[in-house]
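Listed below are the residues making up each chain.
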Amino acid sequence: MVLKTTELRVADYMTPNPISVGPEFPFQDAIGIMEDKGIGNLVVNEDHAVKGLFTEREILQYITSYGEIPEIPMKEVLLQAFTGISLNATLVSAAKIMILEKARLLVFVNKKLVGIITASDMLRGFRKTGINPSLDKVISTKIYQCKYDDSIIDATKIMDEKRIGSVIVTKNGAHYGIFTERDLLVNVLANEVDLKSKVGGYCSSPLITTKTGIGGNDAANLMAEKKIKRLVLTDKNKIVGIVTARDVVDAFQMAENL
């Protein structure tokens, strides 16, 4: 069944009742919850109000800075800002806010937190439309790489410095896999792996790619099928770009403005 974008509502695609922790909650325990629940965000409350979001990006930044999991509480972490939206908002309007304000989105009813909606949540809805927007304007063409034998901490330093969520991993001159913020959380930290270990042993492999020119809906379907948030694009077997779930959301919201 093909839906119109105006029929897609935040209420139908958000993740309800996001997990919240307090300001004294330990950084290490927050990592444990995210790994155990398979989530990428934790809401941090203080004085009965939302202070911000703790995400995989903060994990990357603090691990890189400390060289290990820091023994600090949430109140000492520089959290992600958020924007509150209505339960009845359309996915398109939510997508526009996410892109324009570069913010994470929390859903409130009468000032009470009832949900969170991410780029992946939005794509579940957009996939049900007949729209297949071009990705040409949202592709990141700057590709960062590291070698299989490079250390995990060296890979995180690249990601932190360049403010990116992944690096391509090469082995013997060929593309082997991709190391992401999620890999750091699930493959490395959850298993107490030494950060000096070879990054190639803990990346996602084989590398999932598709040809450049793929439309937004097709990309969203492939990402859902493979359970990935980043899709590498190739042209004549050469990597030419990468798109994230947020990039694909951007393509959908731009298509609505045409």
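For every chain, the first residue of its written sequence is number 1, and the numbers climb from 1 along that sequence. Reporting of local features is limited, given that this is a predicted model, to residues whose pLDDT is at least 70; pairs of side-chain atoms are given and counted only at 80 or more, and all residues count toward the totals for whole chains, interfaces and linings. Heavy atoms throughout the structure, all of them, feed into the side-chain values; hydrogens and water do not.

Q: Even after reading the chapter, I still don't get the overall build of the chain, so can you show me in this structure?
A: Assigned secondary structure in the chain consists of nine helices and 13 strands. Two things to know: the radius of gyration comes from C-alpha atoms, and the globule rule equals 2.2 Å times the number of residues to the power 0.38. Compactness check: the chain gives a C-alpha radius of gyration of 19 Å against a globular reference of 18 Å for 258 residues, within 12% of the reference. Across its three principal axes, the chain shows a C-alpha extent of roughly 55 × 50 × 25 Å. Burial status follows relative accessibility: with a 1.4 Å probe on protein chains alone, a residue under 20% of its type maximum counts as buried, one over 50% as exposed, and anything between as partly exposed. Going through the 258 residues of the chain one by one, you find that 48% of them count as buried. Total accessible area on the chain is roughly 13300 Å²; 47% of this is exposed by carbon and sulfur atoms. Only DSSP runs of H or I reaching four residues or more are called helices, and only runs of E reaching two or more are called strands; each is numbered from the N terminus. For the accessible areas, the method is Shrake-Rupley and the probe is 1.4 Å, while residue cover comes only from the protein chains on display.

Q: Explain the side chain of glutamine 253 here, please?
A: Looking at the secondary structure, you find glutamine 253 in helix α9 (residues 245-255). By relative accessible area, glutamine 253 is classed as buried at 7%. Think of a polar contact as two N or O atoms within 3.5 Å of one another; within protein, one of them needs to be a possible hydrogen donor and the other a possible acceptor, and neighboring residues in sequence only count if both atoms come from side chains. Side-chain polar atoms of glutamine 253 contact the side chain of aspartate 250, separated by 2.8 Å.

Q: Help me understand the environment of lysine 229 in this model?
A: Relative to the assigned elements, lysine 229 resides in the loop between α8 (216-226) and β12 (230-235). What makes lysine 229 partly exposed here is its relative accessible area of 43%. Note: C-alpha distance between lysine 229 and threonine 244 (15 residues apart in sequence) is 5.6 Å. Setting aside residues no more than four positions away along its own chain, lysine 229 makes contact with Ser120, Arg182, Met223, Val243, Thr244 and Ala245. Note on contacts: a residue pair is in contact if any heavy atoms of the two residues lie within 4.5 Å.

Q: Would you take a moment to explain the pairing of strand β4 (residues 49-55) for this structure?
A: Across a regular strand the side chains alternate sides, sitting on one face of the sheet and then on the other. The buried fraction of β4 is high, at five of seven residues. A pair of strands is labelled paired if DSSP reports no fewer than 2 bridges between them. Across six bridges, the pairing between strand β3 (residues 41-46) and β4 is antiparallel. Residue pairing for β4: valine 44 is matched across the bridge by glycine 52. Taken together, β3 and the strand that follows it, β4, pair antiparallel across an intervening segment of two residues, in which aspartate 47 is found at a positive phi of about 55 degrees.

Q: Any chance you could explain the sheet that holds strand β11 (residues 209-211) here in plain terms?
A: Within a beta sheet, neighbouring strands are joined by backbone hydrogen bonds and run either parallel or antiparallel to one another. Strand order in the open sheet formed by three strands is β11-β12-β13, with mixed pairing between adjacent strands. The open sheet has two free edges, formed respectively by β11 and β13 (238-244), since each of these has just one partner strand. Strand after strand, the sheet turns through a mean of 35 degrees between neighbouring axes, direction not considered. Where β11 lies against β12, three bridges are found, and the strand directions are parallel. Bridge pairing in β12 links lysine 211 to threonine 234. Whenever a helix is involved, its axis is fitted only over the stretch in contact; in every case the axis is a line through C-alpha atoms, and angles between N-to-C directions fall within 0 to 180 degrees.

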